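# Topology and contacts: notes
Each chain is listed here by its residues.
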Amino acid sequence: MLAARAAHELRAPGRRDAYLARAASAATGDELVRIVTEADLLLDERRYQEALGLLKQLPRKHTAALRLELKAQQQARNWEQAAALSEELRKRNVFDAAQATQVRRHALVENLKRKALDTGALQEAWEKVPSSDRTDRRIAAAAAQCFIALGGCDRAHRIIEEALEAEWDSDLVGLYGECEGGDTVKRIECAETWLKQHPGDAALLLTLGRLCADRGLWGKAQSYLEASLAIEPTRSAHFAAAQLQERLGNSDAARRHYRESLELALVQLKAVTGGRRRSTL
């Protein structure tokens, strides 16, 4: 096993496989070490299906084997199995509660994203999410985005409202105004209630500006957008302000906001790419 691992590190797959074959035929009685080692090497090459098949040979899952199975299920994007394994590892004291929660919630988020092309599958996946996890900002955001993409705006709004009642999150409130439909007046009232508790939240002010614009409340929309820009001049706020000014027939103001939005978008792009172009224009 040591020789096989060394050959693997030296990128000598032929020698590695020969050592593994010798270990398999040696019948030393220590199958656990051989299977765990071989599965670990397979996962290093992202050969997760072979690793999963190998781990199934163990009659009783050893803790080391469970950790490898979790890694294999994550590579295979079998997120429901990964979530279940994180809980099993917590029960065995391999993960503490915080680690298990982090792994489980990541798996739940990825599982929701995989269901984003089918309303029925997404609804079923959401119903399986434990109530204690539904108000987590990352899970709520993933679910809301998936429902919005499928036109389920009412469900997305309820998910966001419940999550924000449990814990305030500016990024999550930004989704609240992105999906048209439903009772816009009720959403405006809800958002204005939040504003009393979070008066300086730029994302909330932007959301209120969008909602008021959708409802045709031009004066309120402009006030909220100007307040958002005064706190934090973001690309999204300038873009929303440009659209509003365009509706109001203020061409010069619309062009100014569009220009500001574009400049901020270019700054963000430069920050992500480091100012380097990967291809010619």
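Check the entry above for the structure.
Here we summarise the structure given alongside this text. As the structure is a prediction and not an experimental result, all values here were calculated from the model.

## Examining the overall build of the protein chain
Across its full length, the protein chain carries 17 helices and zero strands. Expected size for 281 residues packed as a compact globule is a radius of gyration near 19 Å; at 26 Å, the protein chain overshoots this value by more than 25%. Taken over the C-alpha atoms alone, the protein chain extends approximately 80 × 50 × 30 Å along its principal axes. When burial is assessed residue by residue, the protein chain has 40% of its 281 residues classed as buried. For the protein chain, the exposed area adds up to about 16100 Å²; of that, 49% sits on carbon and sulfur atoms.

## Details of the packing of aromatic side chains
On inspection of all chains with the given rule, the structure shows three aromatic pairs. Consider the rings of Tyr-176 and Trp-194, whose centres lie 5.0 Å apart with planes at 55°: the pair is tilted. Linking Tyr-176 in the loop between helix H12 (170–175) and helix H13 (184–197) with Trp-194 in helix H13, this pair joins segments that are 18 residues apart in sequence. By the burial criterion, Tyr-176 is buried, and Trp-194 matches it. Here the aromatic cluster, defined as three or more aromatic residues joined through ring pairs, consists of Trp-168, Tyr-176 and Trp-194.

## Concerning helix H1 (residues 2–9)
Of all the residues in H1, the buried ones are Ala-4, Ala-7 and His-8. Relative to the axis of H1, the buried residues are bounded by an arc of 100° and lie together on one face. For H1, the exposed residues lying more than 90 degrees away from the buried face are Leu-2 and Glu-9. For H1, the elements touching its buried residues are helix H2 (13–26) and helix H3 (31–44). Directly beyond the C-terminal end of H1, a positive phi value near 60° is found at Arg-11.

## Here we look at helix H7 (residues 97–114)
Counted at 1.5 Å a residue, the expected span for H7 with its 18 residues is 26 Å, and the 26 Å between its end C-alpha atoms agrees. Those residues of H7 that sit buried are Ala-100, Val-103, Arg-104, Arg-105, Ala-107, Leu-108, Val-109, Glu-110, Asn-111 and Leu-112. Those residues of H7 hidden inside the fold are in contact with helix H5 (63–75), helix H6 (79–91), helix H8 (119–128), helix H9 (131–134) and helix H10 (137–149). N-cap assignment for H7: the residue whose side-chain oxygen lies 3.1 Å from the backbone N of Ala-98 is Asp-96.

## Re a nonpolar patch on the surface
A cluster of nonpolar side chains, namely Leu-262, Leu-266 and Leu-269, defines an oily patch on the protein surface of about 300 Å² accessible area. Along the chain, Leu-266 falls in helix H17 (residues 251–273).

## So, the layout of surface pockets
Computed from the structure, the largest pocket encloses a volume of approximately 400 Å³. Lining the largest pocket are 19 residues, with Ser-170, Asp-171, Gly-174, Ala-203 and Leu-206 positioned closest to its centre. Breaking the lining of the largest pocket down by element, the ones donating at least two residues are H10, H12, helix H14 (202–215) and helix H16 (235–247). Among the elements that make up the lining of the largest pocket, the one with the highest residue count is H14 (five residues). Classifying every residue of the lining of the largest pocket gives six nonpolar, eight polar and five charged. In this structure, the second largest pocket spans a volume of roughly 290 Å³. Together, 13 residues line the second largest pocket, and Glu-180, Arg-210, Asp-214, Gln-243 and Arg-247 are the ones closest to its centre. Of all the secondary-structure elements, those providing two or more residues to the lining of the second largest pocket are H14 and H16. Sort the elements by how many residues they give to the lining of the second largest pocket and H16 lands first, with six residues. A breakdown of the residues in the lining of the second largest pocket according to their chemical character gives four nonpolar, four polar and five charged.

## Examining a positive patch on the surface
A contiguous patch of positive charge on the surface is contributed by Arg-46, Lys-71, Arg-77 and Arg-114. Among the secondary structure elements, Arg-77 is positioned in the loop between H5 and H6.

## Details of the environment of Thr-193
With respect to the helices, strands and loops of the structure, Thr-193 is situated in helix H13. Within polar-contact distance, the side chain of Thr-193 engages the backbone oxygen of Glu-189 at 3.0 Å.

Cut-offs and rules
- Residues numbered from 1 in each chain as written.
- Predicted model: local features only at pLDDT ≥ 70, side-chain atom pairs only at ≥ 80, totals over all residues.
- Heavy atoms only, no water.
- Helix = DSSP H or I, 4+ residues; strand = E, 2+ residues; numbered from the N terminus.
- Rg over C-alpha atoms; globule rule 2.2 N^0.38 Å.
- Buried < 20%, exposed > 50% of the residue type's maximum accessible area, 1.4 Å probe, protein only.
- Areas by Shrake-Rupley, 256 points an atom, 1.4 Å probe, with all protein chains shown as cover.
- Phe/Tyr/Trp six-rings, centres within 6.5 Å; stacked < 30°, edge-to-face > 60°.
- Arc of directions from axis to C-beta.
- Contact = heavy atoms within 4.5 Å.
- Expected span 1.5 Å × (residues − 1).
- Polar contact = N/O pair within 3.5 Å; in protein donor to acceptor, adjacent residues only side chain to side chain.
- Patch = residues over 30% accessible without salt bridge, like charges linked within 9 Å, V, L, I, M, F, W, Y side chains within 5 Å.
- Salt bridge = Lys/Arg side-chain N within 4 Å of Asp/Glu carboxyl O.
- 1 Å grid on protein atoms, 1.4 Å probe; cavity = no way out; pocket = protein on both sides within 12 Å on 5 of 7 lines; lining within 4 Å.
- Points joined across faces, edges and corners; volume = space filled by probe spheres on them.
- Nonpolar A, V, L, I, M, F, W, Y, C, P; charged D, E, K, R; others polar.
- Lys, Arg positive; Asp, Glu negative; His and termini not counted.
- Charge placed at Lys NZ, Arg CZ, Asp CG, Glu CD.

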